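Summary of structural features
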Amino acid sequence: MGLYKAEYIWIDGAEPTPKLRSKTKIVETGKEPPIWGFDGSSTNQAVGHASDCVLKPVRVVPDPVRGGDNKLVMCEVLLTDMTPHPTNTRAALVEVAKKFEKYEMWFGIEQEYTFMDGVKPLGWPSNGFPAPQFGYYCGVGADEVFGRDIVEDHLEACLEAGLMIAGINAEVMPAQWEFQIGPCGPVQCSDDLWLARWLLYRIAEEHGASATLSPKPVKGDWNGAGAHTNFSTKQMRESYDPCVAAAKALGEQHALHIPHYGHGIEERLTGKHETCSYKEFKYGVSDRGASVRIPWQVAQDKKGYIEDRRPCANIDPYTVTRLITNTVCSKL
Ligand code: ADP
Ligand code: MN
Ligand code: MN
Ligand code: MN
C-alpha cells in the first residue's frame, strides 16, 4: 500500500488579519484527502472546552515542495455540525458566485509583498536606507534587486502546483515584489491566491527569509503594498459602457467596501505613492492616482476589464471578490 503526504492548509481566526496554518496527514495512495480537524482553541477559532473545528478539503493540487504524489489541500473551516465556521469567508463567496454565475465574472489579482530579513526589508542596509525609489521597479542587478532567487523558486512552485499564476515583477520599493493570479472565476482566483501565499511563505522559509503582506511595511517615502483587483464580466469583455457602469457601481458602494480592503488601509491610501485617498472615490482612464483605473488599452478597444486599486496586500480575496461581484453584478 502506497502513501502520500497531504498538507492541509486553512485560514485561522487571527485579528485583525487572518493567517495561514497547515499540518500534514498521511493518506493512502489513490484515496482523496478526507475531512479532518484541528484544535481551534490555538487559532482563535474555538474555546478550550469545545475546541474541535472541521477541515473540509475544497481544492487539491500537487505539492511542489515535497514533490512526488504529495498534495496541497486548501480547506474550508466548518463547525462540528458541518455549517461554515464564522471565520469561513469562502462559503459566502461560493453562494454569491453561484447567484451571479451567468455574468461570467473573471478576476486577476496583483499580489504585492515584501521580503524581510528580521526587522528590515531584505537587502536593506542595517543602518539607514537604500537609495530613494526609482530604479527598483522591474529592475535588474544586485544593487537594485533583492530576493530574486526566492521569487524564481516561488514562480516555479506555483506553476508545478497548477495555480493560475500570470506573471511576476520587482516593485517600486526595494525588496518588494508582485505576482499576479488570474484571470479566472472568483472562487478559483481566491483559492489560488491563498495557495500561492502559502507557497511564498514556505519557499522563503527555505531561503531563511520571511515575506510580509503588510500594506505599509516601511513608513515614509516608500510605496505601500497593494492587491490591485482587476475584473470583468462577460458584458465588460464585449463592450465599453458596462466597464464604466462597473466603475460607477463601485463608487456608490465605496463606504461598504473600504472596511474590507485590508487592515491599515489609511496608511497606504494616502493620496501619495500612486494611490487615491481612502476618503474619496475617483475613476479614470490610465489614472494610477484613481481608486479605479480603466486601462488605456480598454478605453481604446472599447471593451475589457477595470482595475480596483484600493485593496491592500493583506486582503482576504474571498471577501473582496464577493463584494465586487455583488456590487457590480447587481448593477449590470
Ligand atoms: P498593472 O499594469 O496594473 O501592473 P498587471 O499586468 O500586473 O497590471 O495585472 C493585470 C491583471 O489583470 C493580471 O492578473 C491579468 O490576469 C488580469 N486581467 C487581464 N485581463 C482581464 C480580464 N478581462 N478580466 C479580469 N482580469 C484580467
Ligand atoms: Mn501589476
Ligand atoms: Mn504593482
Ligand atoms: Mn495594477
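Heads up: the structure comes first, above all this text.
Residues numbered from 1 in each chain as written. Chains lettered and ligands numbered in written order. Predicted model: local features only at pLDDT ≥ 70, side-chain atom pairs only at ≥ 80, totals over all residues. Heavy atoms only, no water.

**Considerations on the overall build of the chain**
Note the following rule: For the purposes of this entry, the term helix denotes a DSSP run of H or I that reaches at least four residues, the term strand denotes a run of E that reaches at least two, and both are numbered from the N terminus. It is over C-alpha atoms that the radius of gyration is taken, and the globule rule equals 2.2 Å times the number of residues to the power 0.38. The buried label goes to any residue with under 20% of its type's maximum accessible area, the exposed label to any with over 50%, and the partly exposed label to all in between, with areas taken from a 1.4 Å probe on protein chains only.
The helix and strand tally for the chain stands at nine helices and 14 strands. In terms of C-alpha radius of gyration, the chain reaches 20 Å, essentially the compact-globule figure of 20 Å for 332 residues. Each principal axis of the C-alpha atoms in the chain carries an extent, and together these give about 60 × 50 × 35 Å. Relative to its 332 residues, the chain shows a buried fraction of 53%.

**Re the coordination of the manganese ion (ligand 3)**
Short version of the rule: Sites may look incomplete because water is not among the atoms; the donors themselves are N, O and S atoms within 2.8 Å of the metal, or within 3.2 Å for Na, K and Ca.
Around the manganese ion (ligand 3), the protein contributes the donor atoms E112 (OE), E171 (OE) and E178 (OE), at 2.1 to 2.2 Å from the metal centre. Mapping the donors of the manganese ion (ligand 3) onto the primary sequence gives the spacing E-x58-E-x6-E. In this model, the manganese ion (ligand 3) sits 3.8 Å from the manganese ion (ligand 2), the two metals being bridged by E178. Of this pair, E112 sits in strand β6 (residues 106-117) while E178 sits in strand β9 (residues 176-184); the two residues are 66 residues apart in sequence, bridging distant segments of the chain. E178 sits in the buried class, given a relative accessible area of 4%.

**Brief notes about the coordination of the manganese ion (ligand 4)**
Taken together, E110 (OE), E110 (OE), H228 (ND1) and E307 (OE) make up the protein donors of the manganese ion (ligand 4), found 2.0 to 2.5 Å from the metal. Read from N- to C-terminus, the donor residues coordinating the manganese ion (ligand 4) fall into the pattern E-x117-H-x78-E. For the pair the manganese ion (ligand 4) and the manganese ion (ligand 2), the metal-to-metal distance amounts to 4.0 Å, and E110 bridges them. Separated by 197 residues along the polypeptide, E110 in strand β6 and E307 in strand β14 (residues 306-308) bring together distant segments of the chain.

**Structural notes on the pairing of strand β5 (residues 71-78)**
Two faces, one strand: in a regular strand the side chains alternate between the faces of the sheet. To keep things clear, this is the line we draw: DSSP calls a pair of strands paired once it identifies at least 2 bridges connecting them.
For β5, the buried fraction is high: seven of the eight residues fall into the buried class. Sheet analysis places strand β4 (residues 52-62) next to β5, joined by eight bridges and oriented antiparallel. Bridging across to β5, V61 finds its partner in L72.

**Details of the environment of E76**
Here is the rule: By definition in these notes, contact holds between two residues if any of their heavy atoms fall within 4.5 Å. Any pair of nitrogen or oxygen atoms within 3.5 Å is treated as a polar contact; in protein, a donor-acceptor pairing is required on top of that, and neighbouring residues in sequence qualify only through side-chain atoms on both sides.
Relative to the elements of secondary structure, E76 occurs in strand β5. Taking the C-alpha atoms as reference points, E76 and N88, separated by 12 residues in sequence, lie 6.4 Å from one another. Once residues within four sequence positions are removed from consideration, E76 is found in contact with V54, L55, K56, V58, N88, R90, A91 and V94. Within the local environment of E76, its side chain forms a polar contact with the side chain of R90, the two groups lying 2.8 Å apart.

**Some details on the sheet that holds β4**
Filter applied, for reference: Every angle, taken between N-to-C directions, lies between 0 and 180 degrees, and every axis is a line fitted to C-alpha atoms, over only the stretch in contact when it is a helix.
Strand order across the open sheet formed by five strands is β2-β1-β5-β4-β3, with mixed pairing between neighbours. Each end of this open sheet is capped by a strand with a single partner; those strands are β2 (20-28) and β3 (36-39). For this sheet the average axis-to-axis angle between neighbouring strands, irrespective of direction, equals 40°. Pairing between strand β1 (residues 3-11) and β5: four bridges, direction parallel. In the strand pairing of β5, Y8 is matched with V73.

**Remarks on the packing of helix α1 (residues 90-99) against helix α9 (residues 317-331)**
The test is simple: Geometric relationships in this document are graded by angle, where less than 35 degrees denotes roughly parallel, more than 145 denotes roughly antiparallel, 65 to 115 denotes roughly perpendicular, and other angles denote oblique. When the near helix sits turned anticlockwise from the far one by under a right angle, the crossing is termed left-handed; a clockwise turn instead gives a right-handed crossing. Gly falls in the polar group here, along with every residue not listed as nonpolar (Ala, Val, Leu, Ile, Met, Phe, Trp, Tyr, Cys, Pro) or charged (Asp, Glu, Lys, Arg).
It is the contact of α1 with α9, at a shortest axis distance of 9 Å, that shows an interaxial angle of 25°. In terms of orientation, α1 and α9 fall into the roughly parallel class. Crossing handedness for the pair α1 and α9: left-handed. Contacts between α1 and α9 pair R90, A92, L93 and V96 from the former with Y318, T321, R322, T325 and N326 from the latter. In the contact of α1 with α9, the residues fall into four nonpolar, three polar and two charged.

**Considerations on the nonpolar core**
Put simply, the rule is: Nonpolar core, defined: a set of buried Ala, Val, Leu, Ile, Met, Phe, Trp, Tyr and Cys residues in which side-chain atoms within 4.5 Å join the residues together. Residue ranges labeled as domains rest on an automatic or database domain assignment.
Counting residues in each nonpolar core, the largest one holds 77 residues, and the members touching the most others are Y113, F115, L199, F231, I306 and I324. In terms of residue count, the dominant contributor to this core is helix α3 (residues 186-206) (11 residues). There are two domains that each give this core at least three residues, and those are domain 1 (3-87) and domain 2 (96-329). Beyond its immediate sequence surroundings of up to four residues, F115 is in contact with P121, L122, F146, G147, I150, V151, A175, W177, L200, A204, S210 and A211. Counting 11 residues, the second-largest nonpolar core is a separate cluster that includes Y4, V27, L55 and V73.

**Here's the deal with the pattern of salt bridges**
Between side chains of opposite charge, a pair can form as their charged atoms come close. Heads up, the condition is: Put simply, a salt bridge is a Lys or Arg side-chain nitrogen that is within 4 Å of an Asp or Glu carboxyl oxygen.
Within this structure, the stated rule accounts for 17 salt bridges. Taking the shortest distance from any N to any O, the salt bridge between R202 and E206 comes out at 2.6 Å. Note that R202 and E206 are positioned in helix α3 at a spacing of four residues, about one turn of the helix. We classify R202 as partly exposed; its relative accessible area is 21%. When the shortest N-O distance is used, the salt bridge between K234 and E238 registers 3.3 Å. Residue K234 and its partner E238 are located together in helix α4 (residues 234-238), separated by four residues, close to a single helical turn. We classify K234 as partly exposed; its relative accessible area is 36%.

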